[in-house]
Amino acid sequence: MKTSSDQQSLSKQAARPKSVELVEAENSTKEFQGKRTIPLPSWHFLGILLIFLSGGVGFAATSILLSFNGSSNCSALYVPLASATTRLYCAQLEAEKQTLGSYLKAIRMVDGFPQDHPLRPDIDRNIQVWTNDILELAEVQFQEGNLDEAIAIAEEVPVNSSGRLLVEERIEAWRLEWRDGERIFAAVEREIRDGDLNAAMRTAVQLSYLDNIYWSTVKYEDARNQIQLARKENEELDVAYVAHRRGGIENWLKAIEQASKISQNSTAYKQAQNLIDDARQDIIRYIEGLVEKRQWTELLSLSDRLPGRLNLDNMVVDWKILAQAGISAERGSVTDIKTALVQIQSIQPSSSVYDQSQRLMRRWQDEIADVTILEQGDAIAAGGTISELQRAIAKLNLIEEGNPRYREARQKIARWRERIEIAEDTPTLQYAKDLAASRRNDSLSEAIVQARKIRPGRALYSEAQTKIREWQRTLERREDQPIYDQAIALGNSQRYSEAINVANRITAGRALYPEIQEKVSIWQRELTAASKLQDAYAAAARGNISSLVEAIRLTQEIPRSATAARSEGRTAADKWSYGILNEAQRQASALSIPEAIATAELIPSGTAAHTAAQTQIEAWKRLMRPVQPIETSEPLPDPQA
């Protein structure tokens, strides 16, 4: 829709051709008059001609103005010659495309007019709107995390544009927001590296407060995922550390397996690799110990279990060679040792176990000679006679201390000497056994004498000592049995003191000593019970209340094992308890109820009168309570009635 100013502008453009044509017509008339002497038309004719010319020009201009279509003619508009109204209108149409290019083109179409132009306020207002639209396009990029793209779009706004200040302010705001996001995210990553995951989570929350979708959502989730991953990896690494600290090959392998789960982009990756290296060194030292101890079977089994991530492939190959050679050598024959020497020769000087392999080679070479001697000794000892065994021992004594098979030789010598000692001492021990079985009065003593001929350290010494102790105890029983029987008889007659004196004649260490001491303990308890009972009777004989209480207490101290004395004491205590109760009742009859209660409370629990005494005490206490006045709701009688 065209404004009044647009119509005035178009009217001026239409009016301009009219004045030009008039001037040209006048000049042509003058020129024609000067050249030719043709008679001119009258002024009436000229007036009519001018009226037609001006009307035609006006009609043409109006037709052009009324036929103007922005959508079809703006594309062919020549901006430098177009009016401000036309350029503004075409710029508005261009901006309606809502693309970066259309907004920029619209700004360029109208931004060239001076500041004092009548349409400048409208132009600036439109430029502000289009600049805002451009910034909104850039804002989308900024919110999606494309800061450089957002700035590049915003900076497309012409530098001399009236909306440039708004652009600069928006770019600065973006950069400040972006720096805040980078600062917070860097702090999160630093805290994750430091292992303070709780602080990292608190810092990450600050991202959600930023006025940027990319930082508040995408990077916030990224930070949370990193924290969760770090927490999970730390848990895995903690399991690995615990396993490593426990020690042992199984725990070291477990630690390596757990630590290997930490990815390369993890903040805990370096720690995990350090832990793997530590466990690797522990395993290497452990395997070196297996080699030194010549535990070849375990070494071979472990070599097959080592994970490839330890980068021990070359060492594993050499360890397997050592293990297989060691297993061959342990079979013991000369042929087996020679096989081991052939196997171990494949280990190269560059190997980490080369020095160990060389020591083993020298050992096995020396061992071949020892094995030959051992085999010869076994062949000699196979006959089993004392002389053959002695010759075999002499043969093995050729293996000197420090030789590889010295220990094995000493073990064989010890076994053969034991066989010699058994062969030499068996007749002596058997003779002693035969004497002990003859049942003569002095046969056990003679058997003990014979068995003691087998000296300490001999193969049959332990067996001989066992038989000596057995025979010695039999002798002691024979000697002490009369004393034992006499003591038992005295005890059965309740002559406990005499029984104890006789029993003490059997001294400690003798065969019957444990048995007689059990009897002595019983007799001593009976004596104690009798003494307590007599003391109780003596106390009760004094006849007063405190003496009866003391007598009852003494009966309760009689041991339970002294059944007769304890039963008698219980009967007496029941009788004395009723005596105390009778005295309390007498006191109550004499109207001394508090004294009666005090007396009855002295009766010990467990006696026959205790329950009755408690009942009586409750009755007496009720008698001592003051009588409560009876309350009545009836009115008192009037004394004046």
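Residues numbered from 1 in each chain as written. Predicted model: local features only at pLDDT ≥ 70, side-chain atom pairs only at ≥ 80, totals over all residues. Heavy atoms only, no water.

1. As for the overall build of the chain
The condition is simple: Put simply, DSSP H or I for four residues or longer makes a helix, DSSP E for two residues or longer makes a strand, and each gets a number counted from the N terminus. Under the scheme applied here, a residue whose accessible area is under 20% of the maximum for its type counts as buried, over 50% as exposed, and between as partly exposed, the area being computed with a 1.4 Å probe on protein chains only. Here, two residues are considered to be in contact whenever any of their heavy atoms come within 4.5 Å of each other. Surface accessibility follows the Shrake-Rupley procedure with a 1.4 Å probe radius. Residue values consider only the protein chains on display as shielding.
When you go through the chain residue by residue, the secondary structure sums to 26 helices and zero strands. In the chain, which comprises 641 residues, the proportion classed as buried is 37%. The long-range fraction of contacts in the chain, counting pairs at least 24 apart against all pairs at least 6 apart in sequence, stands at 57%. Accessible surface computed for the chain: about 38300 Å², of which carbon and sulfur atoms make up 51%.

2. Quick word on unusual backbone geometry
The phi dihedral of arginine 294 falls on the positive side, at around 55 degrees, and the residue is not glycine. Mapping arginine 294 onto the fold places it in the loop between helix H12 (269-293) and helix H13 (296-303). Judged by relative accessible area, which is 33%, arginine 294 ranks as partly exposed. Backbone geometry places glutamine 494, a non-glycine residue, at a positive phi of 60 degrees. Residue classification places glutamine 494 among the exposed positions, given a relative accessible area of 58%.

3. Points about the pattern of salt bridges
Formally: Throughout this description, the term salt bridge denotes a Lys or Arg side-chain nitrogen within 4 Å of a carboxyl oxygen of Asp or Glu.
Taken as a whole and assessed by the stated rule, the structure comprises 21 salt bridges. A salt bridge links glutamate 250 to arginine 305; its shortest N-O distance comes to 2.8 Å. Here the residue glutamate 250 occupies a position in helix H11 (residues 249-259), and arginine 305 occupies one in the loop between H13 and helix H14 (313-330), the gap between them amounting to 55 residues. Arginine 305 gets classed as partly exposed once you look at its relative accessible area, which sits at 41%. Ionic pairing is found between arginine 553 and glutamate 550, a salt bridge with its closest N-O pair at 2.3 Å. Taken as a pair, arginine 553 and glutamate 550 lie in helix H23 (residues 545-556) at a separation of three residues, close to a single helical turn. Looking at arginine 553, the relative accessible area reads 35%, which means it is partly exposed. Ionic contacts of the salt-bridge type, sharing partners, join the residues Glu367, Arg405 and Glu408 into one network.

4. Looking at helix H26 (residues 610-624)
In plain terms, the rule: By this rule, a helix spans an expected 1.5 Å times one less than how many residues it contains. What the arc measures is the spread of directions leading from the helix axis to the C-beta atoms.
With 15 residues, H26 should cover 21 Å at 1.5 Å per step; its first-to-last C-alpha distance of 21 Å lies within 8% of that length. Among the residues of H26, Ala613, Ile617 and Trp620 are the ones counted as buried. Along the axis of H26, the buried positions cluster into a sector of 70 degrees, meaning they face one direction only. Opposite the packed face of H26, turned more than 90 degrees from it, sit the exposed residues Thr611 and Thr615. For H26, the secondary structure elements touched by its buried residues are helix H24 (563-589) and helix H25 (593-600).

5. Brief notes about the environment of isoleucine 522
Examined against the element boundaries, isoleucine 522 turns out to sit in helix H22 (residues 513-540). In the structure, isoleucine 522 is positioned 39 residues away from serine 561 in sequence and 7.9 Å away in space, judged by C-alpha atoms.

6. Considering the side chain of arginine 280
Threshold: By the counting scheme adopted, Arg and Lys are positive, Glu and Asp are negative, and His together with the chain ends is not counted.
Considering the arrangement of structural elements, one finds arginine 280 in helix H12. The buried charged residue arginine 280 lacks any salt bridge, with aspartate 277 as its nearest oppositely charged partner at 5.8 Å.

7. Quick word on the packing of aromatic side chains
The test is simple: Stacked, tilted and edge-to-face are the three classes applied to pairs of Phe, Tyr and Trp rings, where Trp contributes its six-membered ring and a pair requires centres within 6.5 Å; stacked means planes under 30 degrees apart, edge-to-face means over 60, and tilted covers the rest.
This model, assessed by the stated rule, comprises eight aromatic pairs. With centroids separated by 5.5 Å and ring planes inclined at 20 degrees, the aromatic side chains of phenylalanine 142 and tryptophan 174 adopt a geometry described as stacked. Here the residue phenylalanine 142 occupies a position in helix H6 (residues 120-143), and tryptophan 174 occupies one in helix H8 (residues 164-194), the gap between them amounting to 32 residues. On the numbers, 5.8 Å between centres and 85 degrees between planes, the contact of tyrosine 537 with tryptophan 576 is edge-to-face. Note that tyrosine 537 is positioned in helix H22 and tryptophan 576 in helix H24, a separation of 39 residues in sequence. Residue tyrosine 537 is classed as partly exposed on the basis of its relative accessible area, which comes to 31%. Of the aromatic side chains, those joined through ring pairs into one cluster are Phe142, Trp174, Trp178, Phe185, Tyr214 and Trp215.

8. Quick look at the confidence of the model for the chain
Definition in use: pLDDT is a per-residue confidence score from the predictor, ranging from 0 to 100.
Summarising the model, the chain shows a mean pLDDT of 78, and 78% of its residues fall at 70 or more. For the chain, per-element mean pLDDT is lowest for helix H1 (residues 4-35), which scores 35, and highest for helix H17 (residues 386-396), which scores 90. In the predicted structure, residues 1-40 sits below a pLDDT of 50 and forms 20 contacts with residues beyond four places in sequence or in another chain. When the criterion is pLDDT under 50, residues 55-72 qualifies, and its contacts beyond four places in sequence or with other chains add up to 16 contacts.

9. Brief notes about the nonpolar core
Worth spelling out the cut-off: Put simply, buried Ala, Val, Leu, Ile, Met, Phe, Trp, Tyr and Cys residues joined by side-chain atoms within 4.5 Å make one nonpolar core.
Of all hydrophobic cores here, the largest spans 45 residues; its most connected members are Ile283, Leu299, Leu306, Trp319, Leu322, Ile344 and Trp364. For this core, the secondary structure elements donating two or more residues are helix H10 (213-246), H11, H12, H13, H14, helix H15 (334-344) and helix H16 (354-381). Sequence-distant contacts of tryptophan 319, that is, excluding residues within four places in its chain, are made with Ile284, Ile287, Leu299, Ser303, Leu306, Leu312 and Val353. The next biggest cluster of nonpolar side chains, apart from the first, holds 29 residues, and it includes Ile151, Ile153, Val167 and Val188.

10. Here's the deal with the side chain of glutamine 587
To be explicit about the condition: Within 3.5 Å is the distance limit for a polar contact, defined as a pair of N or O atoms, with the added protein rule that one can donate a hydrogen and the other accept it, and that residues adjacent in sequence qualify only through two side-chain atoms.
Take glutamine 587: it is sitting in helix H24. Residue class for glutamine 587 comes out buried when judged on its relative accessible area of 7%. Of note is the side chain of glutamine 587, whose polar atom sits 3.4 Å from the side chain of glutamate 595. Sequence-distant contacts of glutamine 587, defined by excluding residues within four places in its chain, comprise Ser592, Glu595, Ala596 and Thr599.

11. Observations concerning the packing of H17 against helix H18 (residues 406-437)
Rules: Lines fitted to the C-alpha atoms define the axes, with helices restricted to the stretch that makes contact. Angles between their N-to-C directions range from 0 to 180 degrees. By the definition adopted for this analysis, an angle is roughly parallel if under 35 degrees, roughly antiparallel if over 145, roughly perpendicular if from 65 to 115, and oblique otherwise. By convention the crossing between two helices is left-handed if the near helix lies anticlockwise of the far one by an angle smaller than a right angle, and right-handed if it lies clockwise. For this classification, Asp, Glu, Lys and Arg are treated as charged, while Ala, Val, Leu, Ile, Met, Phe, Trp, Tyr, Cys and Pro are nonpolar and the rest, including Gly, are polar.
Contact geometry of H17 with H18 gives a least axis separation of 10 Å together with a crossing angle of 160 degrees. Taken as axis vectors, H17 and H18 run roughly antiparallel relative to one another. The two elements H17 and H18 cross, and the hand of that crossing is left-handed. Between H17 and H18, the contacting residues are Ile386, Leu389, Gln390, Ala392, Ile393 and Leu396 on the first element and Ala409, Lys412, Ile413, Trp416, Arg417, Arg419, Ile420, Ala423 and Glu424 on the second. Split by residue class, the contact of H17 with H18 holds 10 nonpolar, one polar and four charged.

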